[in-house]
Amino acid sequence: MSIKSLLAAVSLAALASAAQAEVRVGMITTLSGGGASLGIDTRDGFLLGMKGQDDVEILVEDDQRKPDVAVQIADKMIQSDKVDVLTGIVWSNLAMAVVPSATAQGKFYLSTNAAPAQLAGKGCHPNYFAVSYQNDNLHEAAGAFAKSEGYTKPFIMAPNYPAGQDSLNGFKRFFDGDLAGEVYTQLGQTDFAAEIAQIRASGADSVFFFLPGGMGISFLKQYAGSGVDLPVLGPAFSFDQAILQAVGDAALGVKNGSNWSKDLEVPANADFVSAFQAEYGRLPSLYAAYGYDTAHLLISALDKADPSDADAFRAALKSADFDSVRGKFSFDTNQHPIQDIYIREVIKEGDIYTNKIVATALTDRSSAYVDDCSMK
């Protein structure tokens, strides 16, 4: 089914159930352009998790990976569509444009992905819950793993936007050593010849990069053809399911930090992977897992309270009374997860490139900014 026809189906289903729907959820995510696969997986995981919830109306719109478009959609959803809950944004610069305004208007925002440092510390809010992680987390795991592997001069690189800045800060926090180089690229950049030349000349013994979506595909292909033969590390975002099929053999053996993997031995995860494959005919990605968990968190809260009773609904969300695909899951005082972070290795199963867990990098990890949050 095409994106347009699926959105039409969602809209028709929403219209059909609008009369009896008690709660409205607005999903703003990226369904077109270079980051579309991330938003599509987010949407599909969330819709799978919400399947059968006839008392919830879900409105889905494409932010086109543009902050101004995301803001326009959010304003319409809040002021015209009268949504109770917002969710779905993939990119941190879009989240920073939407979340503070939405929560200030009394709406709840459940983040399926983007979780910038600014919203985890001083910018925390009682109506904002990061279901995925705090942006730094998966990069912290890569930094801890690099240190444990004995690397002494990594070259690190990320795009210059909130999540990119968080990524390098996270890596450095747990690597805690000298760097061969540190570079910020443009967001959306696809030519990395200059950066690869810098890596070659830097004397590095390893490379860590965070380049989401199409950026990571371009870099890995160019790096593989460059003749630079250094170990590569990254976060799961750059080695996720849809991305790996486009990269191919160039990604094999790469280690990446993640709080989820399809082989994670958790009953809820096995059920999710099986249901996602049956529904969509493909393996789920990290983004799909976050969308699915967000749906189940929302359902668990709606079973206890209505969003119109903000205090009760907030308490229901904070209790996190659902079976996460990640296993043990709880919220810290800043309403970001406490969870284990793993190291995965890219492998090939038949004709499919995927990941397997090879180590646990961080146990019961919260976030570096929790003490800056005024909520206690």
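Placed above this text is the structure.
Residues numbered from 1 in each chain as written. Predicted model: local features only at pLDDT ≥ 70, side-chain atom pairs only at ≥ 80, totals over all residues. Heavy atoms only, no water.

Asks: Sorry if this is basic, but what is going on with the overall build of the protein chain here?
Replies: Counting secondary structure elements, the protein chain contains 13 helices and 13 strands. Counting only C-alpha atoms, the protein chain reaches 65 × 45 × 40 Å along its principal axes. Long-range contacts, defined here as pairs at least 24 residues apart, represent 70% of the contacts in the protein chain between residues at least 6 apart. If you sum the accessible surface of the protein chain, you get close to 13,800 Å²; carbon and sulfur atoms cover 48% of it. In the protein chain, the 29 positive side-chain charges and the 45 negative ones have mean positions that sit 3 Å from each other. (Helix = DSSP H or I, 4+ residues; strand = E, 2+ residues; numbered from the N terminus. Contact = heavy atoms within 4.5 Å. Areas by Shrake-Rupley, 256 points an atom, 1.4 Å probe, with all protein chains shown as cover. Lys, Arg positive; Asp, Glu negative; His and termini not counted. Charge placed at Lys NZ, Arg CZ, Asp CG, Glu CD.)

Asks: Looking at this structure, I do not really get the packing of aromatic side chains. What am I missing?
Replies: Both the distance between ring centres and the angle between the ring planes are used here to describe each pair of aromatic rings. Throughout the structure, instances matching the rule amount to 20 aromatic pairs. Clustering of aromatic rings is evident, with ring pairs tying together Tyr 133, Phe 210, Phe 237, Tyr 287 and Tyr 290. Just above the ring of Trp 91 sits the side chain of Arg 65; from NZ or CZ to the centre is 4.8 Å. (Phe/Tyr/Trp six-rings, centres within 6.5 Å; stacked < 30°, edge-to-face > 60°. Lys NZ or Arg CZ within 6 Å of the ring centre and 35° of its normal.)

Asks: It is not clear to me how the state of the cysteines should be interpreted in this structure. Could you clarify?
Replies: One covalent bond between the sulfur atoms of two cysteine residues makes up a disulfide. Considering all chains together, one arrives at one disulfide under this definition. Here Cys 124 engages in a disulfide with Cys 373; their sulfurs sit 2.1 Å apart. The sign of the 90° torsion about the S-S bond sets the Cys 124-Cys 373 disulfide as right-handed. Here the residue Cys 124 occupies a position in the loop between helix 5 (117-120) and strand 5 (128-130), and Cys 373 occupies one in the segment after strand 13 (352-365), the gap between them amounting to 249 residues. Cys 124 sits in the buried class, given a relative accessible area of 11%. (Disulfide = S-S within 2.5 Å. Buried < 20%, exposed > 50% of the residue type's maximum accessible area, 1.4 Å probe, protein only.)

Asks: Just to check I follow, could you spell out the pattern of salt bridges for this structure?
Replies: Oppositely charged side chains are able to pair whenever their charged atoms sit close together. Evaluation of the coordinates by the stated rule reveals 18 salt bridges. Here Glu 61 ties to Lys 76 by a salt bridge, and the two come within 2.7 Å at their closest N and O atoms. Linking Glu 61 in strand 2 (residues 56-62) with Lys 76 in helix 3 (residues 67-79), this pair joins segments that are 15 residues apart in sequence. When its relative accessible area of 25% is taken as the criterion, Glu 61 is described as partly exposed. Judged by its relative accessible area of 33%, Lys 76 is partly exposed. Residues joined in a network through salt bridges with shared partners are Asp 41, Arg 43, Asp 44 and Arg 282. (Salt bridge = Lys/Arg side-chain N within 4 Å of Asp/Glu carboxyl O.)

Asks: Help me out: how do you make sense of a negative patch on the surface in this one?
Replies: On the surface, Glu 22, Asp 54, Asp 55 and Asp 303 cluster together into a patch of negative charge. Inspection of the secondary structure assignment puts Asp 54 in the loop between helix 2 (36-49) and strand 2. On the accessibility criterion, Asp 54 (54% relative accessible area) is exposed. (Patch = residues over 30% accessible without salt bridge, like charges linked within 9 Å, V, L, I, M, F, W, Y side chains within 5 Å.)

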